[in-house]
Amino acid sequence: MTSLNGGTAFHSLHVSRFATLLFRAHALLYSFALFALLLHHFLYPSSVLLLAADLVLSFLWASAVPFRWCPVRRKEFPDSLLREVGRDDLPAIDVFVCTADPRREPPASVASTALSAMAFDYPTDRLSVYLSDDGGSAVTLFAFMEAARFARYWLPFCKENAVVKRSPEVYFEEESSDKAGSKNLKKMYENMKDRIGRATERNYISKDLVSGEEELEIFKRWKGFSLTNHPTIIKVLLENSKDVDIAGNSLPNLIYVSREKSPACHHHYKAGALNVLTRVSGALSNAPIVLTLDCDTFSDDPRAPLRALCYFLDPSLAADLAFVQFPQRYQGINEDDIYASRYMRLFRFNPRGMDGLRGPSYVGTGCFFARASLHGDTKAALPISRSDAGRFSASDDVLKKAHGLAKSDFEDATSWGSTIGFRYGSLVEDFNTGYRLHCEGWRSVLCDPERAAFVGDVPRNLNDVISQMKRWIVGLYEVAFSRHTPLSYGIRNASFPMGLCYAHYAFWGAWCVPLMIYGLLPQLALIQRVPLFPKVSDPWFFVYAYLFLAAYLYDLLDFLINGVPFRRWWNDQRIWLFRGPTAYLFGTLEFLLNSLSVSAPGFNLTSKVTEEKQADRYARGDFDFAARSPFFGALAAVAIVNLSAVAVGIKRVATGEVEIGEFSMQLALCGFVAGNCWPIYGAMFWRRDGGRMPVRVTAAAAVAAVMLHMIAHLVSAFRG
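This write-up is about the structure you can find in this document. These numbers were taken from a predicted model, which means no experiment stands behind them.

Before going further, it helps to spend a moment on helix 7 (residues 182–202). Across its 21 residues, helix 7 extends 30 Å between first and last C-alpha, which sits within 8% of the 30 Å expected from 1.5 Å per residue. When we look at burial in helix 7, the residues that qualify are Ser182, Leu185, Tyr189, Met192, Ile196, Ala199 and Thr200. Buried residues of helix 7, viewed axially, fall in a sector of 115 degrees; they line one side. Those residues of helix 7 that are exposed and aimed more than 90 degrees away from the buried face are Lys183, Asn184, Lys187 and Glu201. Close packing links the buried residues of helix 7 with helix 4 (107–118), helix 5 (138–160) and helix 6 (168–174). Within two residues after helix 7, Asn203 carries a phi angle of roughly 65 degrees, on the positive side.

To continue, consider the nonpolar core. Ranked by size, the top nonpolar core spans 90 residues in total, and within it Trp508, Phe625, Phe632, Ile680 and Met693 carry the most contacts. The biggest single contributor to this core is helix 22 (residues 630–654), with 11 residues. Setting aside chain neighbours within four positions, we find Ile680 in contact with Phe578, Phe625, Leu635, Ala636, Ala639 and Met693.

Attention now goes to the side chain of Thr99. Within the secondary structure layout, Thr99 lies in strand 4 (residues 93–99). A residue is classified by how much of its surface remains accessible, and Thr99, at 6% relative accessible area, is buried. A distance of 2.8 Å separates polar atoms of two side chains, one belonging to Thr99 and the other to Glu105. If sequence neighbours within four positions are ignored, Thr99 has contacts with Glu105, Val110, Leu131, Ser132, Asp133, Asp134, Gly135, Thr140 and Cys295.

Next up on the list: the packing of helix 3 (residues 78–85) against helix 10 (residues 304–312). Geometrically, a packed helix pair is captured by the angle between its two axes and the distance between the axes. Two elements in contact, helix 3 and helix 10, have axes separated by 9 Å at closest approach and are oriented at 70 degrees. Classified by the angle their axes make, helix 3 and helix 10 are roughly perpendicular. Handedness of the helix 3/helix 10 crossing: left-handed. Taken together, the residues of helix 10 that come into contact with helix 3 (itself represented by Pro78, Leu81 and Leu82) are Leu306, Arg307, Leu309 and Cys310. Counted by class, the contact of helix 3 with helix 10 contains six nonpolar, no polar and one charged residues.

With that settled, the discussion passes to unusual backbone geometry. The backbone of His268 shows a phi angle near 60 degrees, a positive value even though the residue is not glycine. You can see His268 is positioned in the loop between strand 7 (253–258) and helix 9 (269–284). With a relative accessible area of 25%, His268 lands in the partly exposed category. The phi dihedral of Ala413 is positive, around 60 degrees, even though this residue is not glycine. Along the chain, Ala413 falls in the loop between helix 13 (396–405) and helix 14 (429–439). The class of Ala413 is exposed, set by a relative accessible area of 89%.

What the rule picks out here adds up to zero disulfides. Just so you know, Cys439 is unpaired, no disulfide at all, and the nearest cysteine sulfur is the one on Cys501, 12 Å from it. Left without a disulfide partner, Cys447 is nearest to the cysteine sulfur of Cys310, which lies 7.5 Å away. Its relative accessible area of 0% is what places Cys447 among the buried residues.

What follows covers helix 16 (residues 486–494). Along helix 16, the positions that sit buried rather than exposed are Pro486, Tyr489, Gly490 and Ala494. Across the axial projection of helix 16, the buried residues extend over an arc of 100 degrees, all falling on one side. Elements that come into contact with the buried residues of helix 16 comprise helix 14, helix 15 (462–480) and helix 17 (496–506). Looking at the residues trailing helix 16, positive phi occurs at Ser495, about 105 degrees.

Moving on to the pairing of strand 3 (residues 72–76). Going residue by residue along strand 3, you find Val72, Arg74 and Glu76 tucked away on one face and Arg73 and Lys75 left uncovered on the opposite face. Direction of pairing for strand 2 (residues 9–15) relative to strand 3: antiparallel, over a ladder of five bridges. Looking at the pairing, Ser12 lines up with Lys75 of strand 3.

For the rest of this paragraph, the subject is the side chain of Asp243. Its place among the elements puts Asp243 in the loop between strand 6 (233–238) and strand 7. The buried category is assigned to Asp243, whose relative accessible area is 17%. Among the polar contacts listed, one links the side chain of Asp243 to the backbone nitrogen of Glu239, at a separation of 2.7 Å. Not counting residues up to four positions away in its chain, the partners in contact with Asp243 are Arg152, Leu237, Leu238, Asn249, Ser250 and Leu251.

Calculation notes
Residues numbered from 1 in each chain as written. Predicted model: local features only at pLDDT ≥ 70, side-chain atom pairs only at ≥ 80, totals over all residues. Heavy atoms only, no water. Helix = DSSP H or I, 4+ residues; strand = E, 2+ residues; numbered from the N terminus. Expected span 1.5 Å × (residues − 1). Buried < 20%, exposed > 50% of the residue type's maximum accessible area, 1.4 Å probe, protein only. Arc of directions from axis to C-beta. Contact = heavy atoms within 4.5 Å. Core = buried A, V, L, I, M, F, W, Y, C linked by side-chain atoms within 4.5 Å. Polar contact = N/O pair within 3.5 Å; in protein donor to acceptor, adjacent residues only side chain to side chain. Axes fitted to C-alpha atoms, helices over the stretch in contact; angles between N-to-C directions. Parallel < 35°, antiparallel > 145°, perpendicular 65-115°, else oblique. Left-handed = near helix turned anticlockwise from the far one by under 90°. Nonpolar A, V, L, I, M, F, W, Y, C, P; charged D, E, K, R; others polar. Disulfide = S-S within 2.5 Å. Pairing = 2+ DSSP bridges.

Following this line, the structure appears as structure tokens:
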């Protein structure tokens, strides 16, 4: 328990000694087994490729050990905070919401996200919401002007009726409320959504959508704008000192920001947009606490800011506390989570382990920052003043200054993006920023309440899921092979265990090495009658069996203890296998091509729009292989090789051509991979719905599989 000046505790911390001791015992035994495995390679060499695979596996396992070494769980007491501090003394908060493309990120949904933050259970005179529109779209500004009008009705409705889900989009989809005014408010929201939808379809703002000529004049400025070339636009849509809701209560500040873009300047994607918001908000409101939200991540707990402040307002933590991270959670995931979209290790299990060290990594959304930590001066890390209200000012002089801070060349010859603000140099700006802050001596805290504080959307087709992961892999490699690589810089500056944690993530794409080798080599060798593993009667057989079973059983235990059903765990490990020949492999290749200055596919947003039939298939739990994607060609080729190896292996064992004891491990491995590939076989051979694999992809995969068999045969013939 942690208290403030000997008073009431704001939060508590729990360490499970049994779970910690159990893992440490498992880690010790597993280390001996890995050593024995590598020793076997040197005593009885069978394949250089298998040795390479096992070396990479050993590194990835060792770098993951700190995640389980001392996991902790925390609990917050926001009521105690309010009793001790009082609502009038709470610090100001600036909320950053980022969007970039109105066609892939529907403006009505983005506006709903902002409304959910505006409706926090928090003093409105201490709350400012900033929207970064990196697409410079008139449609997005129109959506937020509509949201500003709707906020006058929505915020008092939420407070009067104790609404918990304060995203109007989610509330009206899920709730069948008979609360006073609910039906009229729903009709008002649907009308607003319809107007935004019409503007999005037209991609311009017509006279029939606005309330008058004055409003129409605002959008005439957008003529000649493009995604990569437009001036700064900052518009204060709501100002706390002037605007009130229908009940007469003041409204939070709402500010639209579209930074200047020029083809002559690099804009650093989301990190650049966040740094512009950091500077602009510093000029207008300068709140000591900053919350970053993705455009599709809405507030699901209006008391989330109070939970974060349970840590920021504790003097024993505040001196070096950079950020409080809430786990990413998602809506609309089907029952069995067929695409492993919950990312249990990434967002739940591993952050608890890092929280027992220096704190979890930053995951891009649902994160409260101490503004001081973003300014690169650790000496500024003082306990946050509870009387600092972050006074808002939108005078002409302040707005003129803010426009200058958002110019495309402002950061030239400055430390922004290197030692100040959100860090550049990687597509995964969140990972890079959190990592660098930890290396600079800052700490973080995981806030994981039972009820999700923030909820977002995930891709609902397999191609988008893999594409998103591939983009992460490229960005992580950019950190891994930078001058700030976790293997040296991270270990020196953030501590040895934290450096290993970050190294595990940074080299995530290296999983392609063992997954591709174990997914193809033993299978091809089986068909060529080449044994690669010890016989069942050989004592070394039990080393391999132990390593496989212990890893899988401990992983399963981790999921079951946390209330995750077996079928979700099975799908999680299946998707991990699927990533091997897809996201991990293609991400690795793209990074290598980029490093060699060879043109490779660039950065793409993940679409937040899902087709109706596609959504229906996902809800039923049917895998979607409809895209003509090289990912699916690679997956199908591996699946065909394993299926052919199972068929040939069973036939040879049944006819006595080979001894089962000699090839038992290879046959079992083929069967395991083929079992995981069952949805692929269905998509290739017998499904007739819209999610089946295109015939051309199946044919290309079959050709690739035949070529692999031919290469294996030639290699086998050459060797003897």
